[in-house]
Amino acid sequence: GSDYSGSLLNGQNNNFVTDDSLIITPSFDALKATISTENRTLSLDGINDRVSIPNSTSINFGTNDNFTVETLVKVDPNQLDLGNGDNDIIEKWSGSGGYPFVIRYLRDSGKIVAARYDGSTSASVYSTVSLNDGQFHHIAFVKNGDTLQLYIDGQLDGSAADTTSNSTQNDSALFVGNRNDKNHFRGELDELRIWNTARSKEDINAFRDSKLTGAESGLVGYWNFDEDSSGSTVIQDIKGNLNGTLISGQSNHITAYADQDIDNDGDLDRIIHNGDGSVQLSRNNGSSLIEQFGIDNPFEGITLKAGSSIAFGDVDDDGDTDAFAVNADGTVSYYQTQDGLMSRVTGSDSPVDELTGYSDIMFIDLDGDGDLDLVLKDDLGLTNYLENL
């Protein structure tokens, strides 16, 4: 086979070689699913991007039905749709009659309101904290008997009496990031879940930082927005019943991110692969994530292949996190970390400098020798394996 080997760092002889005749099973996607640490979020532009999920009796809660609606939200403080005082995050309402639940962002205060309405009486609960700090926050809206509760980041932040008495049901779709193409929300969402039970504080905190299987008791809808950004505009319901549709935005509005300690300081930094192929890096200073620019972001100015991952791992056994990525033109780039600073390696110093025609990439120890091997999917969907010797 072809030899794409090269000394990676500090004179160590960590080399990658490939055999052109090697065919790997299971498929690349099946392998990736077993080891992926990457997450994806729904990114909405606040202009016309939105998701529509069909109406169903399972989420169309009546006056006396308990429920929980929860999601992760990152608010963009610069909302663009100024037609109303709120920008709508979750909306089971088209604009007429009652509604079982809505969650809205209030621009002037930066706070959240969760509400329901029976056609004449509205019952609302407001957050006491603002969420316009550019960070992800977990929101849970709970109806528990005659009480409405609003949890922010796992803590009860507000409660109010549910004063609705007439029907709260409607035939509206469930809208994400808008209200029937109005009041568009600008920001990111992840892990939208709807339950037909009133989740307790303990229930909420037990799962708010982890993914679900879809088989949990009481779960009636689950959208984790982990779709491949190069695929269709279908937003899958992991429960299998209520797939949504991404409207106006193409599937590149799914943004991928991974948390990795790239500077070896013990804190997880965040690398965001946007739908347009650009990459943002935010370093964790121990208390917050600070976006990096210029030479401090080795990915600045490059465009990655849509739907691809960035493969992170300690390639050269020096204790630092290195990376490989597939560029938009199908070539592969190598990023090496030294003294806490990651930078791109090119030319003969890169073991992948001559590779081209690929669409995705990952690290996995395929041969069980303790070294991370590089596995790539080519443009034909075939799986290629570069062994780390």
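Residues numbered from 1 in each chain as written. Predicted model: local features only at pLDDT ≥ 70, side-chain atom pairs only at ≥ 80, totals over all residues. Heavy atoms only, no water.

K.L.:
Whenever I open this one, the overall build of the chain confuses me. Can you help?
P.N.:
In terms of helices and strands, the chain carries 2 helices and 27 strands. When the 389 residues of the chain are sorted by exposure, 54% land in the buried category. Of the roughly 15800 Å² that the chain leaves accessible, carbon and sulfur atoms contribute 44%. (Helix = DSSP H or I, 4+ residues; strand = E, 2+ residues; numbered from the N terminus. Buried < 20%, exposed > 50% of the residue type's maximum accessible area, 1.4 Å probe, protein only. Areas by Shrake-Rupley, 256 points an atom, 1.4 Å probe, with all protein chains shown as cover.)

K.L.:
Sorry if this is basic, but what is going on with the packing of aromatic side chains here?
P.N.:
What characterises a pair of aromatic rings is the spacing of the ring centres plus the angle enclosed by the ring planes. Per the counting criterion, the structure on display carries 11 aromatic pairs. Its end group placed over the ring of W195, R199 keeps NZ or CZ at 3.6 Å from the ring centre. (Phe/Tyr/Trp six-rings, centres within 6.5 Å; stacked < 30°, edge-to-face > 60°. Lys NZ or Arg CZ within 6 Å of the ring centre and 35° of its normal.)

K.L.:
Explain the nonpolar core to me, please; I cannot follow it from the model alone.
P.N.:
Generally speaking, nonpolar side chains in soluble globular proteins are found buried as a group. Among the nonpolar cores identified, the biggest contains 37 residues, and I89, I90, F101, I103, L189, I194 and W223 are the most heavily contacted of them. Leaving out residues up to four positions away in the same chain, I89 has contacts with V73, I103, R104, Y105, I112, F175, V176, G177, F185 and L189. Formed by 15 residues, the second largest nonpolar core is a distinct cluster that contains V332, V345, L355 and L386. (Core = buried A, V, L, I, M, F, W, Y, C linked by side-chain atoms within 4.5 Å. Contact = heavy atoms within 4.5 Å.)

K.L.:
Would you take a moment to explain the pattern of salt bridges for this structure?
P.N.:
Between side chains of opposite charge, a pair can form when the charged atoms approach closely. Enumeration over the complete set of coordinates arrives at 16 salt bridges. Residue R50 is joined to D181 by a salt bridge in which the shortest nitrogen-to-oxygen separation is 3.2 Å. Of the two residues, R50 sits in strand β3 (residues 50-53) while D181 sits in the loop between β12 (174-176) and β13 (186-195), which places them 131 residues apart along the sequence. Exposure remark for D181: the relative accessible area of 36% places this residue in the partly exposed category. Between R179 and D88 there is a salt bridge; the shortest N-O distance is 3.2 Å. Here the residue R179 occupies a position in the loop between β12 and β13, and D88 occupies one in strand β5 (residues 86-91), the gap between them amounting to 91 residues. Each member of the pair, R179 as well as D88, is classed as buried. Here the residues in one salt-bridge network are D86, D88, E91, R104 and R179, joined through shared partners. (Salt bridge = Lys/Arg side-chain N within 4 Å of Asp/Glu carboxyl O.)

K.L.:
What should I look at first to understand the sheet that holds strand β22 (residues 322-326) in this one?
P.N.:
What holds strands together in a sheet is hydrogen bonding between their backbones, with the strands either parallel or antiparallel. Pairing is antiparallel in the open sheet, where 4 strands are placed in the order β21-β22-β23-β24. Single-partner strands in this sheet number two, and they are β21 (310-313) and β24 (341-345). In this sheet, neighbouring strand axes are inclined to one another by 20° on average, regardless of whether the strands run parallel or antiparallel. Taken together, the 4 bridges between β22 and strand β23 (residues 332-338) define a ladder with antiparallel strand orientation. Among the inter-strand pairings, A325 is bridged to a residue of β23, identified as S333. (Pairing = 2+ DSSP bridges. Axes fitted to C-alpha atoms, helices over the stretch in contact; angles between N-to-C directions.)

K.L.:
What is the right way to read unusual backbone geometry from this model?
P.N.:
Peptide bonds are, in most cases, trans, and in most cases residues other than glycine have a negative phi. You will see that N180, though not glycine, has its phi angle at about 50°, which is positive. The backbone phi angle of E191 is positive, close to 55°, even though this residue is not glycine. For E191, a relative accessible area of 6% corresponds to the buried category.

K.L.:
Explain the environment of R208 to me, please; I cannot follow it from the model alone.
P.N.:
Mapped onto the elements, R208 comes out in the loop between α2 (201-207) and β14 (219-223). Residue classification places R208 among the buried positions, given a relative accessible area of 19%. Distance from R208 to E191, taken between C-alpha atoms, is 8.6 Å for residues 17 residues apart in sequence. Among the polar contacts made by the side chain of R208, one reaches the main-chain carbonyl oxygen of D153 at a distance of 3.3 Å. Polar contacts involving the side chain of R208 include one to the side chain of N205, which spans 2.7 Å. (Polar contact = N/O pair within 3.5 Å; in protein donor to acceptor, adjacent residues only side chain to side chain.)

K.L.:
What is the right way to look at the pairing of β5 in this model?
P.N.:
On a regular strand, one side chain projects to one face of the sheet and the next to the other, so that they alternate. The buried fraction of β5 is high, at 6 of 6 residues. Taken together, the 5 bridges between β5 and strand β6 (residues 99-106) define a ladder with antiparallel strand orientation. By the bridge assignment for β6, N87 is matched with Y105. The pairing of β5 with β12 spans 2 bridges and is antiparallel. Residue I90 lies in a different strand from β12, and its bridge partner there is V176.

K.L.:
Explanation requested: the sheet that holds strand β8 (residues 122-126) in the structure shown.
P.N.:
Judged by pairing direction, the sheet is antiparallel, and its 8 strands sit side by side in the order β8-β7-β6-β5-β12-β3-β16-β15 without closing on themselves. Each edge of the open sheet is held by one strand with a lone partner, namely β8 and β15 (234-235). As judged from the 2 bridges shared by β15 and strand β16 (residues 244-247), these two strands associate in the antiparallel manner. Directly across from V234, in β16, lies its bridge partner T245.

K.L.:
Got a minute to help me understand the confidence of the model for the chain in this structure?
P.N.:
Low-pLDDT portions of the prediction should not be read for the details of their coordinates. Mean pLDDT over the chain stands at 85; residues scoring 70 or higher make up 87%. Between residues 1-24, whose pLDDT stays under 50, and residues either more than four places distant or in other chains, the model counts 72 contacts. (pLDDT = per-residue confidence, 0-100.)

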